[in-house]
Amino acid sequence: DSGVTQTPKHLITATGQRVTLRCSPRSGDLSVYWYQQSLDQGLQFLIQYYNGEERAKGNILERFSAQQFPDLHSELNLSSLELGDSALYFCASSPRGRETQYFGPGTRLLVL
Amino acid sequence: KNEVEQSPQNLTAQEGEFITINCSYSVGISALHWLQQHPGGGIVSLFMLSSGKKKHGRLIATINIQEKHSSLHITASHPRDSAVYICAAQGGSSGDKLTFGTGTRLAVRP
């Protein structure tokens, strides 16, 4: 158990819908990262938050957004969902930045 | 060309064999991570290296900064080592985020 929690574990939805994925980092970790793992793209960085502020942005679509709240949990919002958004979404946390990252169990999203 | 390359992509070994997985990167980094992804999907961080060598149980990771190359070794492999092993580069122009290799799928047969 990494100490990072993600909900829900599984999500099935339809094209065009909007979903919210939630991540609670390890106690005391200030950095939260979101990654997407699809079959054809492997693991890709989406976005990083540090202590409530966006720190880095990767290959995140405009239809996707994220935020980190004062209690340091983070949410990833995916809207206007397409079939290609079906993937495993992981969040990871670290104390500050360039350290070991602890991964949550992931949310498996299936868009039908 | 990917910034992080792994080889081999697939590896099958007999129980007890010594296993080596290689990772090359083309960018300047501050650290190289080795991750293990279980068949169920969960990801576990094995090592974070910035120089030299680290050992944990039967796992050994090395890095050569000058050659931009890292290796993960598994001694006395066991079927429970069957997983996907992923190297990831951190730092340099990438900042804190991880840039991942494509992974090595390892199957250890009893």
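Residues numbered from 1 in each chain as written. Chains lettered and ligands numbered in written order. Predicted model: local features only at pLDDT ≥ 70, side-chain atom pairs only at ≥ 80, totals over all residues. Heavy atoms only, no water.

Chemist: Tell me about the overall build of chain B, residues and numbers included.
Modeler: In terms of helices and strands, chain B carries zero helices and eleven strands. Helices and strands in chain B line up, N terminus first, as β-β-β-β-β-β-β-β-β-β-β. Relative to a compact globule of 110 residues, whose C-alpha radius of gyration would be 13 Å, chain B shows 13 Å and is just as compact. Counting only C-alpha atoms, chain B reaches 45 × 25 × 20 Å along its principal axes. Each of the 110 residues in chain B was classed as buried or not, and the buried ones make up 47%. When contacts within chain B are restricted to residue pairs at least 6 apart in sequence, long-range pairs at least 24 apart make up 54% of them. Within the structure as shown, chain B displays about 5200 Å² of accessible surface, and the carbon and sulfur contribution to it stands at 49%. Taking the average place of the 10 positive charges on the side chains of chain B and the average place of its 7 negative ones, the gap between the two points comes to 4 Å. (Helix = DSSP H or I, 4+ residues; strand = E, 2+ residues; numbered from the N terminus. Rg over C-alpha atoms; globule rule 2.2 N^0.38 Å. Buried < 20%, exposed > 50% of the residue type's maximum accessible area, 1.4 Å probe, protein only. Contact = heavy atoms within 4.5 Å. Areas by Shrake-Rupley, 256 points an atom, 1.4 Å probe, with all protein chains shown as cover. Lys, Arg positive; Asp, Glu negative; His and termini not counted. Charge placed at Lys NZ, Arg CZ, Asp CG, Glu CD.)

Chemist: Now, about the pattern of salt bridges: what can you tell me, with residues and values included?
Modeler: Pairs can form between side chains of opposite charge once their charged atoms are near each other. All names here are of chain A. According to the stated counting rule, one finds five salt bridges over all chains in the structure shown. Between Asp85 and Arg63 there is a salt bridge, with its nearest N and O atoms 2.8 Å apart. Placement of Asp85 in the loop between strand S8 (74-78) and strand S9 (87-94) and of Arg63 in the loop between strand S6 (53-57) and strand S7 (64-68) is noted, with a sequence separation of 22 residues between them. The residues Asp85 and Arg63 share a single accessibility class, namely buried. Residue Glu99 is joined to Arg96 by a salt bridge in which the shortest nitrogen-to-oxygen separation is 2.9 Å. Under the relative-accessibility criterion, Glu99 is labelled buried at 16%. (Salt bridge = Lys/Arg side-chain N within 4 Å of Asp/Glu carboxyl O.)

Chemist: Give a detailed account of the pairing of strand S6 (residues 52-56) of chain B, specifying residues and quantitative values.
Modeler: Residue and element names in this part refer to chain B. When you tally the buried positions in S6, you get zero out of five residues, a small fraction of the element. In the sheet, S6 pairs with strand S7 (residues 59-64) via five bridges, with the strands oriented antiparallel. Bridged to Gly52 within S7 is Ile63. Connecting the antiparallel pair S6 and S7 is a turn made up of two residues, with Gly57 showing a positive phi of about 65°. (Pairing = 2+ DSSP bridges.)

Chemist: So, unusual backbone geometry: which residues are in play, and what are the values?
Modeler: The omega angle of the peptide bond from Thr7 of chain A to Pro8 of chain A is -10°, so this bond is cis rather than trans. Here Pro8 of chain A is to be found in the loop between strand S1 (5-7) and strand S2 (10-13). Residue Ser7 of chain B is joined to Pro8 of chain B through a cis peptide bond whose omega torsion reads -10°. When you line up the elements, Pro8 of chain B lands in the loop between strand S1 (4-7) and strand S2 (10-14). Backbone geometry places Ser80 of chain A, a non-glycine residue, at a positive phi of 45°. Mapped onto the secondary structure, Ser80 of chain A falls in the loop between S8 and S9. When its relative accessible area of 40% is taken as the criterion, Ser80 of chain A is described as partly exposed.

Chemist: Lay out the packing of aromatic side chains with the relevant residues and their values.
Modeler: Considering all chains together, one arrives at six aromatic pairs over all chains under this definition. Members of the aromatic cluster, connected to one another through ring pairs, are Tyr33, Tyr35, Phe45, Phe90 and Phe103 of chain A together with Phe100 of chain B. We note Arg26 of chain A situated over the ring of Tyr102 of chain A; from NZ or CZ to the ring centre the distance is 3.8 Å. One Lys or Arg, Arg55 of chain A, reaches over the ring of Tyr50 of chain A and ends 4.2 Å from the middle of that ring. (Phe/Tyr/Trp six-rings, centres within 6.5 Å; stacked < 30°, edge-to-face > 60°. Lys NZ or Arg CZ within 6 Å of the ring centre and 35° of its normal.)

Chemist: So what's going on with the nonpolar core? Which residues, and what values?
Modeler: In terms of nonpolar packing, the biggest core is built from 23 residues, with Ile19, Ile29, Leu32, Trp34, Leu72 and Tyr85 of chain B touching the most fellow members. Listed by contribution, the elements that provide at least two residues to this core are strand S3 (19-25), strand S4 (31-37), strand S5 (43-49), S7, strand S8 (69-74), strand S9 (83-90) and strand S11 (104-109) of chain B. If we skip the residues at most four places from it in the chain, Leu72 of chain B touches Ile19, Thr20, Ile21, Trp34, Leu46, Phe47, Ile60, Ala61 and Tyr85 of chain B. Grouped together as the second largest cluster of nonpolar side chains are 21 residues, Leu11, Leu21, Trp34 and Leu46 of chain A included. (Core = buried A, V, L, I, M, F, W, Y, C linked by side-chain atoms within 4.5 Å.)

Chemist: Tell me what's going on with the sheet that holds S7 of chain A, and back it up with residues and numbers.
Modeler: Two pairing modes exist for strands in a sheet, parallel and antiparallel, and in both the strands are linked by backbone hydrogen bonds. Residue and element names in this part refer to chain A. Reading across from one edge, S1-S3-S8-S7 is the order of the four strands in this open sheet, with antiparallel pairing throughout. Looking at strand neighbours, the two that pair on one side only are S1 and S7, the edges of this open sheet. Direction aside, neighbouring strands of the sheet carry axes that sit 15° apart on average. For S1 and strand S3 (residues 19-24), the ladder comprises three bridges, and the chain directions are antiparallel. Residue pairing for S3: Thr5 is matched across the bridge by Ser24. (Axes fitted to C-alpha atoms, helices over the stretch in contact; angles between N-to-C directions.)

Shape is all these values report; function is a separate question.
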